Amino acid sequence: MTISKTIAAFVGVALFLISPHVLPEFRLFQVCLIAATAVVVLGQTVVTGFAGQISLAQSAFVALGGYGSTILSTSTGQPFWVTLPVTAVAVGVIGFVLGQATLRVSGHYLALATMAFTAIVQLALIHGDPLTGGAAGMPVPAFEMFGRTFSTGGELFYVILPVFVALFVMTANAMSSRFGRGLAALRQSETAAEAMGLDVLRYKAGAFAASGFLGAIGGGMLALLSTYLDPAQFSITQSVYFLAIAVVGGMLSPVGIVVSSALFVLLPELLQSFQSYLGLVFALLLLGFIVLRPEGISSIARTLVRVKDSSAREVP
Amino acid sequence: MSAPLLSIRDVAVRFGGIVALDGVSLDVAPGSIHAVIGPNGAGKSTLLNAITGLYRPANGAIFLQEKRIDGLAPHLITRMGIARTFQNTELFGDMTTIENVMIGLDRHHAYGLLTAVTHAGTFKRAEAEAREAAAKLLDLVGLSGQMTVAASALPFGNQRRLEIARALAIQPRLLLLDEPAAGLREAEIDDLNAILLRLCRTQGLTILVIDHVMPLVMTISDRISVLNFGRKIAEGEPEQVRREPEVIKAYLGDRAKHALGA
Amino acid sequence: MLAQVLASSATAGAVYALIALGFVLIHKGTGVVHFGYGDQVTFGAYLALMAQVLIGLPFKASIVLALLLSTVLGLAIYFLLMWPLRNASLLSRIIASLALGTVMREFLRAYMGPNAWPFPFLLSPNPISVGGILVVPANLAVVGVSFGVLAMLFVLFEKTIFGKAIIAACDNRTGAAIVGVRVSNVFLAIWIISSVLATLAGILIAPMLTLSPDMGLIGIKGFTAAVLGGFNSLPGAVVGGVLLGVLEALGGTYVSSALKDMISYSILIAVILARPQGIIGVLVPKKV
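Quick look at the structure, then.

Reading the values: rules and limits
Residues numbered from 1 in each chain as written. Chains lettered and ligands numbered in written order. Predicted model: local features only at pLDDT ≥ 70, side-chain atom pairs only at ≥ 80, totals over all residues. Helix = DSSP H or I, 4+ residues; strand = E, 2+ residues; numbered from the N terminus. Rg over C-alpha atoms; globule rule 2.2 N^0.38 Å. Contact = placed C-beta atoms within 7 Å. Buried ≥ 20, exposed ≤ 12 C-beta atoms within 10 Å, placed from the backbone. Nonpolar A, V, L, I, M, F, W, Y, C, P; charged D, E, K, R; others polar. Pairing = 2+ DSSP bridges. Axes fitted to C-alpha atoms, helices over the stretch in contact; angles between N-to-C directions. Parallel < 35°, antiparallel > 145°, perpendicular 65-115°, else oblique. Left-handed = near helix turned anticlockwise from the far one by under 90°. Core = buried A, V, L, I, M, F, W, Y, C linked by C-beta atoms within 7 Å.

A tally of regular secondary structure across chain A gives 14 helices and four strands. In terms of overall size, chain A behaves like a compact globule, its C-alpha atoms giving a radius of gyration of 20 Å where 316 residues would be expected to give roughly 20 Å. Viewed in the frame of its principal axes, chain A has a C-alpha envelope of about 70 × 55 × 40 Å. The long-range share in chain A, meaning contacts at least 24 apart out of those at least 6 apart in sequence, stands at 78%.

Put into structure tokens, the structure is as follows:
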């Protein structure tokens, strides 16, 4: 590891250990919320940013992650830290199957197919009465591990943050490996990638699987934080919301994702009394960025750095 | 001639009502350079796309050394040892020159998903080996100084060379070149000829090249096939083919044929 | 019983057809798939509502105002969104149209509240007897307008120079420009026309569906109808709408009414995966 990375790691660990003693509960809760959202958006980034496939299925994956692990926990008695990973792998498989659709369609039709998938999942949850609690939803059991219960923001902090960091590191590693190269290649020219021996369908479906897995883990985390699952939340609009965060953050940048997630989570607070305009502000942000700055926040940061550098060079 | 490396038997390709290839047969000898020429619309690119699996022949069959390859998925055909370049350079523009080449090499320096997400174990070694192999290939085509340049930023002639290096990365037995000389200046064509001849003689690579540019085709080909309107109208050694009346007629029209006294 | 089901499905089918026409018009005319079209239909209806409620105009006048305002809306959409993005990636354009729809929906939710508003019928919702058969003028209006719009657009595309110019501009921008087609004017015209069409559709549909910011979800149904008909075909849009209405009604009656929506979405996925060219359309092979 380079020096700057080592320093960053030390600072990170220090912040992690200090925060629960320094920050108030609701702030810790927000940090958890940001981390969980960022994991979901990371999944979106893999399939839409890296693989270049439009996907509006993220909300469905989040729903399946939350509902799946809850139902599994309450029916088998297994603790959440067992049922969530198991559910996430299953959702990853579902994502892989969904990704097979890319064999037949792309672009608009793929967007439509993923929208329909999200709608079907939501409807299934609303009408799945005995199992899913129907339109009323269902409560999420508290997270238990080693005999301890983690329910407040301050407590879940110790569970969510390490997982968040681990997933980000793993994803970043994968993206700078031959798999990331393959995704970048097929994003730029599928024909050429195929001609280079890449099984393009496998890669695309794999990207969908990753987005499913990450979405489900994020979904489980979000479920723990909200303590209740309400099917009305898991709509197509919610998928657009995750896509918005990805776009604003810059779809290839891990730091951008976290910053953007923070922005969206903290926005209600920033808006204060203008709460009812929340949805509107989100949508306007997405619209503004996609027209003016499709590369997102991360590119703004990069531009600032470039400007700083070039002005430094101008000094004789 | 010993058993052909590539054997195209009576292949027809149709798009709806249009017949792009009408029963073409062709054999490519191993270790040779075989050119396919013909006026625009003759079906040359279609033939290439049929070989690489982008189009499915309506009739006929294509064999790579006894193994039948028509109908297979493109990436599988590639893995059997056929590499190609594209007429409209389909480079991975946002990636660097060396990364473009590494794409083809990755399968030969593979590691699993677990290694990829942890960057542990064989990761560093495999990446280093791949990078080194890529650097060697870039050296072969004369692009050593451009390794970290973004592919889209390369001048046109160098993009062409990168296309070839990238194709070589998959370690092919057969290299298909789709109009490699298009848009090149005379000096660049000479360089290209040298590279291709070297690849053929020193590495035993078999090359099937499609092009219009006669300074390339006439200089390096061992054998030339001529297509027109989806059919093969002539085949043989370069000097022999260029004098064929049908070939002259195809390129220059009937009057030219009479004018040239053929 | 079956006849009754089919009869009532005709209205739903006409609603879907009307929305599908808008989608297909925009796609045929500009190459853009407007994912926010359903929300624009809702917005159009709200324009009429707001004219009534906020300004106090009588119903008929507010309809006229709404239609006028939607021409401005179409203009704004074109200049602020579609024209800047004309060379952007497909992904960006898809996201942009989604964002546009969401902006409209959230704007309505913020300014007019999330709850449903009553919306008056333009034509009477009461059945009247015509030669012994009961017909509902309001429903007939939807059916009639759908066919009327289809006929007009059909004539536009097939018979007029302007229509040919649109198709040319959409097919090959550079080529069209070279032969003198003002591509930007063509696209602008399409956006204005479709905007007015959206408002018209909204005004006809709103009284039937109850007007709320989420009424735009009907957009997916319109989309399904368009896909069924082969996405580039105007007559296909109408056929698709009718077909979807019938399939939904049959599914709702004979399978389950609660799962009616799920049936529609499943149809959509099935068609997309199995027969993307729709029932009518033709698959265009991709040229390398």
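Having seen it, we continue.
Within chain B one finds 11 helices and 10 strands. Whereas a compact globule of 262 residues would reach a radius of gyration of roughly 18 Å, chain B reaches 20 Å, a difference of no more than 12%. Along the first, second and third principal axes, the C-alpha set of chain B runs to 70 × 40 × 35 Å. Counting the 262 residues in chain B, one finds 44% classified as buried. Residue pairs at least 24 apart in sequence account for 66% of intrachain contacts in chain B once pairs closer than 6 positions are excluded.

Taken together, the contact pairs 35 residues of chain C with 33 residues of chain A. Elements represented by at least two residues in the side of chain C that touches chain A include exactly α4 (90-112), α9 (218-228) and α11 (260-274) of chain C. Per element, the largest residue contribution to the side of chain C that touches chain A is 15 residues, and it comes from α4 of chain C. Of the residues contributing to the side of chain C that touches chain A, the split by class is 29 nonpolar, three polar and three charged.

All right, on to the interface of chain A and chain B then. Opposite the 21 residues of chain A that make contact, chain B presents 23 residues. Taken together, the elements giving at least two residues each to the side of chain A that touches chain B come down to α7 (153-175), α8 (178-188) and α9 (190-195) of chain A. Among the elements that take part in the side of chain A that touches chain B, α8 of chain A stands out by supplying seven residues, more than any other. When grouped by side-chain class, the residues that make up the side of chain A that touches chain B number 10 nonpolar, seven polar and four charged.

With that settled, consider the sheet that holds strand β6 (residues 82-84) of chain B. Residues and elements named next belong to chain B. As summarised here, the arrangement of the six strands in space is β6-β7-β8-β3-β9-β10, forming an open sheet in which the pairing is mixed. Both edges of this open sheet fall to β6 and β10 (231-236), since each of them pairs with a single strand only. Looking at each pair of strands side by side, their axes are set apart by 20 degrees on average, direction ignored. The pairing of β6 with strand β7 (residues 174-178) spans three bridges and is classified as parallel. Note on β7: the bridge partner recorded for Ile-82 is Leu-174. Most of the contacts of helix α1 (residues 44-51) go to β7, to which it runs at about 145 degrees, and overall it touches β3 (33-37), β6, β7, β8 (206-210) and β9 (223-228).

Moving on to the packing of helix α11 (residues 236-249) of chain A against helix α13 (residues 278-292) of chain A. Residue and element names in this part refer to chain A. It is the contact of α11 with α13, at a shortest axis distance of 9 Å, that shows an interaxial angle of 45 degrees. As summarised for this structure, α11 and α13 are arranged oblique, according to the angle between their axes. Seen from above, α11 lies across α13 with left-handed handedness. Contacts from Tyr-241, Ala-244, Val-247 and Val-248 of α11 reach α13 at Phe-282, Leu-285, Leu-286, Phe-289 and Ile-290. Its residues assigned to classes, the contact of α11 with α13 comprises nine nonpolar, no polar and no charged.

This part takes up the sheet that holds strand β1 (residues 6-15) of chain B. Within a sheet, adjacent strands bond to each other through the backbone by hydrogen bonds, running parallel or antiparallel. All names here are of chain B. Reading across from one edge, β2-β1-β4-β5 is the order of the four strands in this open sheet, with antiparallel pairing throughout. Sheet topology places β2 (18-28) and β5 (67-68) at the edges, where each strand pairs with a single neighbour. For strand β4 (residues 59-64) and β5, the ladder comprises two bridges, and the chain directions are antiparallel. In the sheet register, Leu-64 faces β5, and the bridge partner there is Lys-67. Across the sheet, α1 touches β1, β2 and β4, and the angle it forms with β2 is around 70 degrees.

What follows deals with helix α3 (residues 97-105) of chain B. α3 of chain B sits mainly inside the fold: nine of its nine residues count as buried. Turning to α3 of chain B, its buried residues are Thr-97, Ile-98, Glu-99, Asn-100, Val-101, Met-102, Ile-103, Gly-104 and Leu-105 of chain B. Close packing links the buried residues of α3 of chain B with α8 of chain A together with α5 (123-140) and α6 (156-168) of chain B.

This next bit is on the packing of α8 of chain A against α3 of chain B. At a minimum axis distance of 10 Å, the contact between α8 of chain A and α3 of chain B shows a crossing angle of 105 degrees. The pairing of α8 of chain A with α3 of chain B is recorded here as roughly perpendicular in orientation. Two secondary-structure elements touch here, α8 of chain A through Arg-181, Gly-182 and Ala-185 of chain A and α3 of chain B through Glu-99, Met-102 and Ile-103 of chain B. A class-by-class count of the residues in the contact of α8 of chain A with α3 of chain B yields three nonpolar, one polar and two charged.

This paragraph deals with α8 of chain A. Buried residues dominate α8 of chain A, accounting for nine of its 11 residues. The set of residues buried in α8 of chain A consists of Arg-178, Phe-179, Arg-181, Gly-182, Leu-183, Ala-184, Ala-185, Leu-186 and Arg-187 of chain A. At its buried positions, α8 of chain A is contacted by α2 (25-50), α7, α9 and α10 (200-226) of chain A together with α3 and α4 (113-118) of chain B.

Time to look at the pairing of β10 of chain B. Residues and elements named next belong to chain B. In the sheet, β9 pairs with β10 via five bridges, with the strands oriented antiparallel. Looking across to β10, one finds that Ile-224 is bridged to Gly-236. The hairpin turn running from β9 into β10, its antiparallel successor, is two residues long, and Phe-229 in that turn takes a positive phi close to 50 degrees.

Formed by 275 residues in total, the largest nonpolar core has its most connected members in Val-39 and Leu-286 of chain A together with Leu-21 of chain C. A per-element tally of this core places α10 of chain A first, with 16 residues. Setting aside residues up to four positions removed in sequence, Leu-286 of chain A forms contacts with Ala-244, Val-247 and Val-248 of chain A together with Ala-99 of chain C.

Here we take up the environment of Arg-223 of chain B. Residues and elements named next belong to chain B. Here Arg-223 is to be found in strand β9. Accessibility expressed as a C-beta count within 10 Å gives 20 for Arg-223, which makes it buried. In the structure, Arg-223 is positioned 119 residues away from Gly-104 in sequence and 29 Å away in space, judged by C-alpha atoms. In this structure Arg-223 touches Ser-32, His-34, Gly-236 and Glu-237, once residues within four positions along its chain are discounted.

Despite not being glycine, Phe-146 of chain A has its phi angle at roughly 50 degrees, a positive value. If you trace the backbone, Phe-146 of chain A turns up in the loop between β2 (143-145) and β3 (148-150). By C-beta crowding, Phe-146 of chain A is classed as exposed, having 6 other C-beta atoms within 10 Å. The backbone phi angle of Phe-229 of chain B is positive, close to 50 degrees, even though this residue is not glycine. With respect to the helices and strands, the residue Phe-229 of chain B is situated in the loop between β9 and β10. You can call Phe-229 of chain B partly exposed: it has 15 C-beta atoms within 10 Å.

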